[in-house]
Amino acid sequence: MTAILPLIGPDIARKELIGRFRNGGVAWTRQPEDVFDHDFPSSATGKAVPYGIYDLQANTGWVGLGLSSDTPCFAVDCLAAWWAATASRRYPGATQLLLLADSGGSNGYRPRAWKYYLQHTLCNPFQLTVTVAHYSSGCSKFNPIEHRLFSEISKNWSGVPLETVELILNYVRTTKTKTGLRVRAELMPNEYRTGFKVGKQQMDALTLTRDATLPQLNYTISPNSI
């Protein structure tokens, strides 16, 4: 069988403070809503960290909503949850996956933990060969997820204070466009801590092959039995 190669744009959206904070834009209501005049984190009930995945072939979005830190472990957990719940059914028999990712953040080309978790959380459990192509610094605006998914979500909740996690999830899930975009969202309740270090021995054990063109930005990780 010919392997299917979905083109996926994963990325982190802007972190959102949860509470009665001003949210830019316009929304029609019967009564005006009072909001805080400053965005002090101490006034928030929490922090929402949306990690989005946009499937270019299917014109669908998937967002994992974290409540702690934006870490490589969180990013790859979102990818694995998306693959298990959605993509594996849409692309049965797929053995390869192409990720178009920004060059910084939790899914950047520098963090060793990003590659480590891709190997052990995505490639090995699902027997996927994952090729990652990072956009060069300053070129993230060309990532389709920015203007095909995140911008549409921002329009949907424009002008509305994001007071609860349930409200945020609802606005993400009800985001759609005339061209057929539909979005799913799941809460990622685990606590993701920063500071995880990956040593040289762990890196050497990865089945990672770098591309001849811009090898720091383009590489492939294959499944292994470790």
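Residues numbered from 1 in each chain as written. Predicted model: local features only at pLDDT ≥ 70, side-chain atom pairs only at ≥ 80, totals over all residues. Heavy atoms only, no water.

A word on the overall build of the protein
We apply this condition: Secondary structure elements are defined from DSSP: runs of H or I of at least 4 residues count as helices, runs of E of at least 2 residues count as strands, and each element is numbered from the N terminus. For the radius of gyration, the atoms used are the C-alpha atoms, and the globule rule reads 2.2 Å times the number of residues raised to 0.38. Relative accessibility decides the category of a residue: with a 1.4 Å probe and only protein chains considered, values under 20% of the type maximum give buried, values over 50% give exposed, and everything between is partly exposed. Residue contacts are counted whenever heavy atoms from the two residues lie within 4.5 Å of one another. Calculation of accessible area relied on Shrake-Rupley with a 1.4 Å probe; when residues are assessed, cover is drawn exclusively from the protein chains displayed. Residues scored as positive are Lys and Arg, those scored as negative are Asp and Glu, and His as well as the terminal groups of each chain are ignored. One atom stands in for each charge, and that atom is NZ of Lys, CZ of Arg, CG of Asp or CD of Glu.
Of the regular secondary structure elements, the protein holds five helices and nine strands. When the helices and strands of the protein are read in sequence order from the N terminus, they spell out β-β-β-β-α-β-α-β-α-α-β-α-β-β. At 18 Å, the protein has a C-alpha radius of gyration in line with the 17 Å of a compact globule built from 226 residues. Among the 226 residues that make up the protein, the fraction classed as buried is 47%. Here the contacts in the protein between residues at least 6 apart in sequence split such that 73% fall between residues at least 24 apart. Accessible surface for the protein amounts to roughly 11,900 Å². Of this, 52% is attributable to carbon and sulfur atoms. With 23 positive and 18 negative side-chain charges, the protein shows a separation of 5 Å between the mean positions of the two kinds.

Topic: the pattern of salt bridges
Formally: Any Lys or Arg side-chain nitrogen located within 4 Å of an Asp or Glu carboxyl oxygen qualifies as a salt bridge.
Counting across every chain of the model gives eight salt bridges. Among the salt bridges present, the one from arginine 20 reaches glutamate 33, with a minimum N-O distance of 3.6 Å. Here glutamate 33 lies in the loop between β2 (16-18) and β3 (46-55) and arginine 20 lies in the loop between β2 and β3, a separation of 13 residues in the sequence. Taking the relative accessible area as the measure of exposure, arginine 20 reaches 27% and is therefore partly exposed. The shortest N-O distance in the salt bridge between aspartate 55 and arginine 90 comes to 3.8 Å. With a gap of 35 residues between them, aspartate 55 in strand β3 and arginine 90 in helix α1 (residues 72-90) connect regions that are remote in the sequence. For aspartate 55, a relative accessible area of 1% corresponds to the buried category. Note on arginine 90: relative accessible area 33%, which makes it partly exposed.

Quick look at the nonpolar core
To keep things clear, this is the line we draw: Buried Ala, Val, Leu, Ile, Met, Phe, Trp, Tyr and Cys residues that are joined via side-chain atoms within 4.5 Å together make up what is termed a nonpolar core.
In terms of nonpolar packing, the biggest core is built from 38 residues, with Tyr51, Leu99, Trp114, Leu118 and Leu122 touching the most fellow members. Contributing elements (two or more residues each) for this core: β1 (7-12), β3, α1, β5 (96-101), α2 (112-126), β6 (129-134) and β9 (218-221). If you tally residues by element for this core, the top one is α1, at ten residues. Beyond its immediate sequence surroundings of up to four residues, tryptophan 114 is in contact with Tyr51, Pro72, Ala75, Val76, Leu79, Leu99, Ser106, Asn107, Gly108, Val132, His134 and Tyr219. Counting 21 residues, the second largest nonpolar core, distinct from the first, contains Val63, Ile153, Val160 and Val172.

Things to note about the environment of valine 26
By the element assignment, valine 26 lies in the loop between β2 and β3. In the structure, valine 26 is positioned 133 residues away from glycine 159 in sequence and 4.5 Å away in space, judged by C-alpha atoms.

Observations regarding helix α3 (residues 144-156)
For clarity, the threshold we go by: Take the residue count of a helix, subtract one, and multiply by 1.5 Å to get its expected span.
For α3, spanning 13 residues, the distance from its first C-alpha to its last is 18 Å, which sits close to the expected 18 Å at 1.5 Å a residue. Those residues of α3 lying buried are Pro144, Ile145, Leu149, Phe150, Glu152 and Ile153.

As for the pairing of β9
Successive side chains on a regular strand alternate, one facing one side of the sheet and the next facing the other. The condition is simple: For two strands to pair, DSSP has to find at least two bridges joining them.
One ladder, built from four bridges, connects β6 with β9; its direction is antiparallel. Among the inter-strand pairings, alanine 133 is bridged to a residue of β9, identified as asparagine 218. Relative to β9, strand β8 (residues 208-210) is paired through three bridges, and the arrangement is antiparallel. Residue pairing for β9: leucine 208 is matched across the bridge by isoleucine 221.

Here's the deal with the pairing of β6
Here is the rule we go by: Seen with its strands pointing away from the viewer, a crossover is right-handed when the path leading from the first strand over the helix to the second is clockwise.
Of the pairings in the sheet, the one linking β5 to β6 comprises six bridges and is parallel in character. Residue pairing in the sheet places alanine 101 in a bridge with histidine 134 of β6. With α2 bridging β5 and the parallel β6, this β-α-β connection has right-handed handedness.

Concerning the packing of α1 against α2
Going by this rule: Comment: axis = line fitted to C-alpha atoms, over the contacting stretch for helices; angle = value between 0 and 180 degrees taken between N-to-C directions. Our angle categories are set so that under 35 degrees counts as roughly parallel, over 145 as roughly antiparallel, 65 to 115 as roughly perpendicular, and the remainder as oblique. The sense of a crossing depends on the near helix, which, turned anticlockwise from the far helix by less than a right angle, makes the crossing left-handed and, turned clockwise, makes it right-handed. When residues are grouped by polarity, Ala, Val, Leu, Ile, Met, Phe, Trp, Tyr, Cys and Pro land in nonpolar, Asp, Glu, Lys and Arg in charged, and all others, Gly among them, in polar.
The geometry of α1 relative to α2 is characterised by a closest axis approach of 8 Å and an angle of 20 degrees between their N-to-C directions. Relative to α2, the element α1 lies roughly parallel. In terms of crossing hand, the pair formed by α1 and α2 is right-handed. Facing α1, whose interface residues are Pro72, Cys73, Ala75, Val76, Asp77, Leu79, Ala80, Trp83 and Ala84, α2 presents Ala113, Trp114, Tyr117, Leu118, Thr121, Leu122 and Phe126. By residue class, the composition of the contact of α1 with α2 is 14 nonpolar, one polar and one charged.

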